[in-house]
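Structural overview
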Amino acid sequence: MSLTSPLGRVLGLGSAKEGSRHWYAQRLSAIALAILGIWFVVALAGLDGVDLDRVRTWLSAPLTTTLLLLMIGTLAWHTILGLQVVIEDYVGSRGLRVALLIAMKFGFVLAAVAGAIAVLRLAVGVPA
Amino acid sequence: MARRERPLSPFMQYRWLYSNTLSILHRLTGILLSAGFLLLVYWLVAAARGAESYERALSCLASIPMQVILAGVLWSWCYHLLNGVRHLCWDVGIGFELRVARLSGWVVAIASLALAVVLWFVLHGGFGEVA
């Protein structure tokens, strides 16, 4: 039960009905991705080849597994927030807009889960 | 009551300036990076599925059209990162003066290209035949 008055609950939420939550989440995930992205590119550059054994060894280091899982999750989150704005801005018809938003969100959550499971399987060495 | 034609926001009527060019590039590179995310997942899933599917994925990624897309994704990452920092600075109120904003725009455009070229060759060496 919330003790906030009905007026207090809606104040500051605006026409998007969620206040500055989207704006803030986009910035928060952007800062995280700046760090994780630079880590990922530096790590890739230092990998010296991407044959399967080397990728497995690299991925099974706990720090790599942790950061890569974080990057996949944050990347999906930031991508969804960004593409949401693009779709909302440029798709005029309401039905198509809602359908695209749902499909886009389903698609990127699916990709993120598939990517995370692949990382975990490689990290703990589940045989293919 | 008949529905009236609502006026559109005038986003197609603005003069083509460095500022809105850089702004729309931020969106375009963001869209390209979403495709890059899917390629990252493709690479990881192929690796988890074993040597055979990994070999297939690597040769797919090494094809000329894929290399062009990967180069685009790489530059997009450089641009989106640098211009994103520019946006975050604006969010805390830094760099709004016209002169500074114009200068940082040029810096981002040129630096993103330079960074992409450098990274392409660095990663090329590491990836061997792949990228």
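Counting from 1, residues in each chain are numbered in the order their sequence is written. Each chain takes a letter, starting from A, and each ligand takes a number, starting from 1, following the order in which they are written. pLDDT decides what is reported in this predicted model: residues at 70 or higher carry local features, side-chain atom pairs at 80 or more are listed and counted, and totals for whole chains, interfaces and linings draw on all residues regardless. With hydrogens and water set aside, each side-chain value is computed from the structure's full complement of heavy atoms.

Details of the interface of chain A and chain B
The contact criterion used is simple: two residues touch if any of their non-hydrogen atoms lie within 4.5 Å. Contact with chain A, which involves 39 residues of that partner, is made by 30 residues of chain B. For the pair chain A and chain B, the two sides together bury roughly 2,800 Å², of which 80% comes from carbon and sulfur. Throughout, buried area stands for the accessible area (probe radius 1.4 Å) lost by two parts on being put together, summed over both. By the criterion of area lost to chain B, the three top residues of chain A are Val41(A), Val50(A) and Leu52(A), representing 19% of everything that side buries. Salt bridges are defined as contacts in which a side-chain nitrogen from Lys or Arg sits within 4 Å of a carboxyl oxygen from Asp or Glu. Counting across the chain A and chain B interface gives two salt bridges. Secondary structure elements follow DSSP: runs of H or I no shorter than four residues count as helices, runs of E no shorter than two count as strands, and numbering proceeds from the N terminus. With twelve residues, the single largest contributor to the side of chain A that touches chain B is helix H4 (residues 62-90) of chain A. Each residue gets one label: Ala, Val, Leu, Ile, Met, Phe, Trp, Tyr, Cys and Pro are nonpolar, Asp, Glu, Lys and Arg are charged, and the others, such as Gly, are polar. Looking at the side of chain A that touches chain B residue by residue, the classes come out as 29 nonpolar, five polar and five charged.

Some remarks on the packing of helix H2 (residues 21-45) of chain A against H4(A)
All names here are of chain A. Under this scheme, a helix contributes an axis fitted over its contacting stretch, all axes are lines through C-alpha atoms, and angles between N-to-C directions fall in the 0 to 180 degree range. Running from amino to carboxyl end, H2 crosses H4 at an angle of 140°, the nearest separation of the two axes being 9 Å. In terms of axis orientation, H2 runs oblique to H4. The way H2 lies across H4 gives a crossing that is left-handed. Per-class residue counts for the contact of H2 with H4 are 16 nonpolar, nine polar and no charged. In this scheme, roughly parallel covers angles under 35 degrees and roughly antiparallel covers those over 145, while 65 to 115 is roughly perpendicular and the rest are oblique. By convention the crossing between two helices is left-handed if the near helix lies anticlockwise of the far one by an angle smaller than a right angle, and right-handed if it lies clockwise.

Some remarks on the packing of aromatic side chains
All names here are of chain B. Two aromatic rings from Phe, Tyr or Trp, using only the six-membered ring of Trp, form a pair when their centres are within 6.5 Å; if the ring planes differ by under 30 degrees the pair is stacked, by over 60 it is edge-to-face, and anything between is tilted. Throughout the structure, instances matching the rule amount to six aromatic pairs over all chains. Ring geometry for Trp75 versus Tyr79: centroids 5.5 Å apart, planes at 40°, classification tilted. Here Trp75 and its partner Tyr79 are both found in helix H3 (residues 64-91), four residues apart, which amounts to about one turn of the helix. Residue burial is assigned from relative accessible area. The probe radius is 1.4 Å, only protein chains are included, and a residue is buried under 20% of its type maximum, exposed over 50%, and partly exposed in between. Classification of Trp75 as partly exposed rests on a relative accessible area of 23%.

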